[in-house]
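# Topology and contacts: notes
Residue strings, one per chain:
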Protein chains: 2
Amino acid sequence: MDELSRLLSVARGDTQADLVLTGGRIVNTFTAEIEQADIAIAGTRIAGIGHGYEGSHRIDLNGAFIAPGLIDAHVHIESSLCVPSQFASAVVPRGITTVVADPHEIANVAGPAGVRFMADAAAGLPLEVILMAPSCVPATPMATGGGTINANTLRDLRSSGIARGLGEVMNFPGVIAADPDMLDKIAVMTGLPVDGHCPGVTGARLNAYVAAGIGSDHESVSPAEAREKLARGMYLLIREATNAPNLDALLPVVTPANARRVCFCTDDRTPLDLLRSGSIDDMVRRAIERGIDPIEAIRMATLNTAEWFGLRHLGAIAPGRAANMFVFDDLMRPQAKMVFSRGRLVASDSALTGQHDVPANQNPIGRCDVNWPNVRWDIPARGTRMRVIGSLPDQLVTEHCVMPATATVDRVEADIPRDLLKMIVIERHGKTGGSGVGFVQGFGLRRGAIAGTVAHDHHNLIALGADDLSMQSAARAAASLGGGLAVAVGETIIAHLALPVGGLMSDRPLAEVATGYQNVVAAARELGSPYKDPFMAMSFMALEVIPALKLTDQGLVDVEQFKIVDLFV
Amino acid sequence: MDELSRLLSVARGDTQADLVLTGGRIVNTFTAEIEQADIAIAGTRIAGIGHGYEGSHRIDLNGAFIAPGLIDAHVHIESSLCVPSQFASAVVPRGITTVVADPHEIANVAGPAGVRFMADAAAGLPLEVILMAPSCVPATPMATGGGTINANTLRDLRSSGIARGLGEVMNFPGVIAADPDMLDKIAVMTGLPVDGHCPGVTGARLNAYVAAGIGSDHESVSPAEAREKLARGMYLLIREATNAPNLDALLPVVTPANARRVCFCTDDRTPLDLLRSGSIDDMVRRAIERGIDPIEAIRMATLNTAEWFGLRHLGAIAPGRAANMFVFDDLMRPQAKMVFSRGRLVASDSALTGQHDVPANQNPIGRCDVNWPNVRWDIPARGTRMRVIGSLPDQLVTEHCVMPATATVDRVEADIPRDLLKMIVIERHGKTGGSGVGFVQGFGLRRGAIAGTVAHDHHNLIALGADDLSMQSAARAAASLGGGLAVAVGETIIAHLALPVGGLMSDRPLAEVATGYQNVVAAARELGSPYKDPFMAMSFMALEVIPALKLTDQGLVDVEQFKIVDLFV
């Protein structure tokens, strides 16, 4: 009997189910009611809801609630610094059984091969990873990334079934201006969901962005912005990211009449945040705490997301749907005590119940090849006034400052009393072998240096420090790990975290990675930085699409002018 | 500038719109709020919502409401007895701008060519016709239809873009039993919507039917049945058909929490019903009258339906969506006074505003070829007791009776005092040239005969009457019209209606067809039938899937035994 025939036979009651969950209180996301019935499972799918089903295994839920597995509507798994299997180990025990992932970071390192890597790395996990094809790789031509995703590669990713839609279209100015390249990329995905990213875009520009075919946004920070985007037909993906926590601000937007168009997403969560607070489960609990009806909150994390992405097999406990569910005791505070994925009990009491076909080793992906002799660390004093990146605490934007240069003989140097640190971005993808140098004010290191291979979006090797030797040590340490983060004082490496998978991710357990990350952050703070997370701050100093002045391997970028500018004025 | 670039330019306000609708109160189906803003249109689509848009044309709506065009979630256009252009002329002025049509009847006459005919006939109309591929053609092998739709032809219909999903899967026993043929047909449509049809199916059998991938149903008649189907994940298409008016019974099922999964459909409406009551507009008004929130009622007729069928360009007044809208004065009683379709004003004050690229003549479709010499009208008296179809007023089911035969010499004949009429079904598609004969009790004709080419589902030529001459006259008249309905007494034709398009539809205006239909019905009633609609009653006497005894061109069908049986016991 083929799988479908067997499913129907189990549904009819003619064949024994593989598993029957009895005595549960089902959260029905269609009716928003609680239903007391048994759930019969055949293989990976739900066969029937009702009474009288026989099964070769039975689990008595003893009156506990059971809801569809939670769905993260938008996440960059890379931000967890973990490979998908370790990410899954962290979120699945919390009841998240599906994530819609935009593998944007690894795509910047490895192009379409990076996307395929994530697809392979997710195969067989107890977490279903729905991949959206990254839409803006590279962000601009003013940095040298490791890969490119153009309309043709998108077409391949679609036709091979790897991409289920287009990931957040960050180049919103391009879309609004009808840039043919962006419109081509959207056209390739016709009929599939296209996620948006348009912070602060309203009015006529929002009309244009939506008219281009973009159907969601997760960048709203104010209720007014969120309401306008909902009214124009965008799904509102409420984001609670580590560095962009919007849940509290946006919950007042939700009404019984518009809730169907609202989903939850985490976007970027650091390992420590994931470990401590969790993921979508955390958002559901907090939404309920803040007065959202619990079933409505669960719908925002299940059915609504399934509907936006056209995932008809998800979002509900119903015949034919994937048997992805989580069990909990308190409807006002859903906390998974059992999790089922594709019909199997995969987690109980906050831990996975076993190994889940996780491939032990992934193929190597990306490169961390630095042409060391080619790297120019010193900066000839070609002028006396220079452009400086004005770093601001807890913000991605920087200021574009002009300051006197501090020169020693014929070289411009860092100047600690003025909190002027040197920064370098070194191409590491085996392309140009080039590097760009500049200065940052306000970062606060009093000595030593930090370096890493996480540098949005191109993820070149970046270092920032008080002296060249420390910078060189930190950069060489990060590179010698095959990618990672490092803190050095002089020749001594005082902390490091290996991220050998693409220079972005570790294959170690999330808790271990979280500890390692805490260590490098603490070390950087000990060197004087007042920032909560100096590594995250550094990683965005290289992102040439966020104002005002940034540094890439190609040099200083004046973001407002959208061009490379000289260090000296 | 290509169309999309121009759309975005209009949205941005950089290019003049083709049309700006000012001063309207927009029914926003996403937020369920009324929004006062202008609507800028570029070509066939909405470019922007807001203020300050300039356009080459402007229409001031003067405070009237404007809502997205209504969508009929499930209709057999053939039941209007009109070709799509005339059907459109009738429903578009009422605000219906989209119908999801299952061209099941014409497909039984002409197979996939019938489906293609409907697609061609709908091209260029102010009504968007979304075609679902008929799933059950023919209904059984116990009748000879004009065409077959199998998994391969479904594949063609899908790949050519004609079919946007699978039409109501009426063979629910086959699906539940995992009949490979039915599962193959569903598999062909993987990822597209598959409509259901499962009257009275509940419990484990409903689980099986839903598990097979069927996502909607429009056959619920009781609240309990509707609630169970909703809970299992089916979209509830509330039907208000001429002979199956379920709206009043099912509205109590709708709650603010489940309304998103509820749509409206008409299924089958007679020409007169369409003319007098209308279509989905009638359902919206009646739902509001019965206490449904008006915006919720409009959502059930717009956004919800668009979501079920994955029609992301419909269901809302929003940038990028089709500019299909209707304007009305009273939110509590929406009655279209202007209708826009694809950006053009296509109807005002209950009439189309002009010719809308309707092709004047359609290619001939189907056949009405009777091999007259081959038809056997007389019934040799091979026994004394015979099976008789027991007709019941206003019901599709019949009784399976056994009665003494009335013989004249060696022939069995009709017997008016016993209300025993003769019936014949003559193959008309140019296939076998065969015919089946039998008797009907309870139909009430005292003299003459009625005949027609509408005979579910095979649509052969059917006649029913008090004497052979009248039957022959009526049948020959219906055939000589190229298909249609006729009433005869002896050699005299006392009423007729031509349905030359496939023997099912007229290309005349709906009002004219309604009058013609009233005439043939009145004539049949004058001959003695007490039935409200003797032609509809007759047309279902030939449908071999509805219990208990039916007649096809192949003979009497015992539906419970699912086999052809002899007239004589």
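Residues numbered from 1 in each chain as written. Chains lettered and ligands numbered in written order. Predicted model: local features only at pLDDT ≥ 70, side-chain atom pairs only at ≥ 80, totals over all residues. Heavy atoms only, no water.

## Here we look at the overall build of chain A
The secondary structure content of chain A amounts to 17 helices and 32 strands. Scaling as 2.2 N^0.38, a compact globule of 569 residues should have a C-alpha radius of gyration of about 25 Å, and chain A matches this with 25 Å. In chain A, of all internal contacts separated by at least 6 residues, the share reaching a separation of at least 24 is 68%. When the accessible surface of chain A is totalled, it reaches about 18800 Å², and 50% of it is carbon and sulfur. Where the 48 positive side-chain charges of chain A centre and where its 62 negative ones centre are 1 Å apart. (Helix = DSSP H or I, 4+ residues; strand = E, 2+ residues; numbered from the N terminus. Rg over C-alpha atoms; globule rule 2.2 N^0.38 Å. Contact = heavy atoms within 4.5 Å. Areas by Shrake-Rupley, 256 points an atom, 1.4 Å probe, with all protein chains shown as cover. Lys, Arg positive; Asp, Glu negative; His and termini not counted. Charge placed at Lys NZ, Arg CZ, Asp CG, Glu CD.)

## Some thoughts on the packing of helix H5 (residues 151–159) of chain A against helix H7 (residues 180–188) of chain A
All names here are of chain A. Orientation of H5 relative to H7, taken along the N-to-C sense of each, is 10 degrees, at an axis distance of 9 Å. By the criterion of interaxial angle, the relationship of H5 to H7 is roughly parallel. Across the interface between the two elements, Ala151, Leu154, Arg155 and Arg158 from H5 touch Asp184, Lys185 and Val188 from H7. Residues belonging to the contact of H5 with H7 are distributed by class as follows: three nonpolar, no polar and four charged. (Axes fitted to C-alpha atoms, helices over the stretch in contact; angles between N-to-C directions. Parallel < 35°, antiparallel > 145°, perpendicular 65-115°, else oblique. Nonpolar A, V, L, I, M, F, W, Y, C, P; charged D, E, K, R; others polar.)

## Description of the confidence of the model for chain A
Of the residues in chain A, 98% have a pLDDT of 70 or more, and the chain-wide mean is 96. Here the predicted complex scores 0.96 on pTM and 0.95 on ipTM. (pLDDT = per-residue confidence, 0-100.)

## Side note on the relation of the copies chain B and chain A
With an axial shift of 0.0 Å and an RMSD of 0.1 Å, the rotation relating chain B to chain A amounts to 180 degrees. With respect to symmetry, the two chain copies, as superposed, fit the operation of a two-fold axis. Both copies contact each other with a shared surface, as 100% of the interface residues of chain B are interface residues in chain A too. (Least-squares fit on C-alpha atoms with pLDDT ≥ 70 in both.)

## Concerning the sheet that holds strand E23 (residues 411–412) of chain B
Strand order in this open sheet of three strands is E19-E23-E22 (chain B), and the pairing throughout is antiparallel. Taken across any chain shown, the strands that pair with only one partner, and hence form the sheet edges, are strand E19 (379–380) and strand E22 (407–408) of chain B. (Pairing = 2+ DSSP bridges.)

## Some details on the environment of B:Ala187
All names here are of chain B. Among the secondary structure elements, Ala187 is positioned in helix H7 (residues 180–188). Judged by relative accessible area, which is 44%, Ala187 ranks as partly exposed. Taking the C-alpha atoms as reference, Ala187 lies 28 Å from Lys563; in sequence the two are 376 residues apart. (Buried < 20%, exposed > 50% of the residue type's maximum accessible area, 1.4 Å probe, protein only.)

## Notes on the packing of aromatic side chains
One pair of aromatic rings is described through two measures. These are the centre distance and the angle between the planes. By the definition in use, this model includes 10 aromatic pairs over all chains. Ring geometry for A:Phe65 against A:Phe328: centres 5.7 Å apart, planes inclined by 20 degrees, an arrangement best described as stacked. Taken together, the positions of A:Phe65 in strand E5 (residues 65–68) and A:Phe328 in strand E15 (residues 325–328) put the pair 263 residues apart, joining distant regions of the chain. Neither A:Phe65 nor A:Phe328 differs from the other in exposure class; each is buried. Ring pairs connect the aromatic residues A:Phe65, A:Phe326 and A:Phe328, which therefore count as one cluster. We note A:Arg25 situated over the ring of A:Phe65; from NZ or CZ to the ring centre the distance is 4.1 Å. If you follow B:Arg261 out to its NZ or CZ, it ends over the ring of B:Tyr235, 4.2 Å from the centre. (Phe/Tyr/Trp six-rings, centres within 6.5 Å; stacked < 30°, edge-to-face > 60°. Lys NZ or Arg CZ within 6 Å of the ring centre and 35° of its normal.)

## Digging into the pattern of salt bridges
Considering all chains together, one arrives at 56 salt bridges over all chains under this definition. Here A:Arg261 makes a salt bridge to B:Glu307, at a shortest N to O gap of 2.9 Å. Taken as a pair, A:Arg261 in the loop between helix H10 (247–250) and strand E14 (262–265) and B:Glu307 in helix H14 (residues 303–308) lie in two separate chains rather than in one. Both residues of the pair, A:Arg261 and B:Glu307, count as buried. One salt-bridge network, held together by shared partners, links A:Glu240, A:Asp248, A:Arg269, A:Asp282, A:Arg286, A:Glu289, A:Arg290 and A:Arg333. (Salt bridge = Lys/Arg side-chain N within 4 Å of Asp/Glu carboxyl O.)

## With respect to helix H15 (residues 468–480) of chain A
All names here are of chain A. Taking 1.5 Å per residue as the helical rise, H15 with its 13 residues ought to reach 18 Å, and the 18 Å between its terminal C-alpha atoms agrees with that figure. Every buried residue of H15 is listed here: Ser470, Met471, Ser473, Ala474, Ala475, Ala477, Ala478 and Ala479. For H15, the elements touching its buried residues are strand E24 (420–426), strand E26 (449–452), strand E27 (461–465), strand E28 (484–489) and strand E29 (492–498). A side-chain oxygen of the first residue of H15 lies 3.2 Å from the backbone nitrogen of Leu469; this N-cap is Asp467. (Expected span 1.5 Å × (residues − 1). Polar contact = N/O pair within 3.5 Å; in protein donor to acceptor, adjacent residues only side chain to side chain.)

## Side note on the sheet that holds strand E21 (residues 399–404) of chain A
All names here are of chain A. Strands sit in the order E21-E20-E25-E24-E27-E26-E28-E29 across an open sheet of eight strands; the sheet is mixed. Every other strand in the sheet has two partners, leaving E21 and E29 as the edge strands with one partner each. Neighbouring strand axes in the sheet, compared pairwise and without regard to direction, differ in orientation by 25 degrees on average. The sheet contact formed by E24 and E27 spans five bridges and is antiparallel. Residue Ile424 lies in a different strand from E27, and its bridge partner there is Ala463. Packing of helix H16 (residues 510–526) onto the sheet brings it into contact with E26, E28 and E29, and relative to E29 it is tilted by some 145 degrees.

## Comments concerning the interface of chain B and chain A
The partner chain A presents 50 residues to the 50 residues of chain B that form the contact. Summed over both sides, the interface of chain B with chain A buries roughly 3900 Å², with 51% coming from carbon and sulfur. Along the contact surface separating chain B from chain A lie six salt bridges. Among the salt bridges present, the one from B:Glu307 reaches A:Arg260, with a minimum N-O distance of 3.2 Å. (Buried area = accessible area lost by both parts, 1.4 Å probe.)

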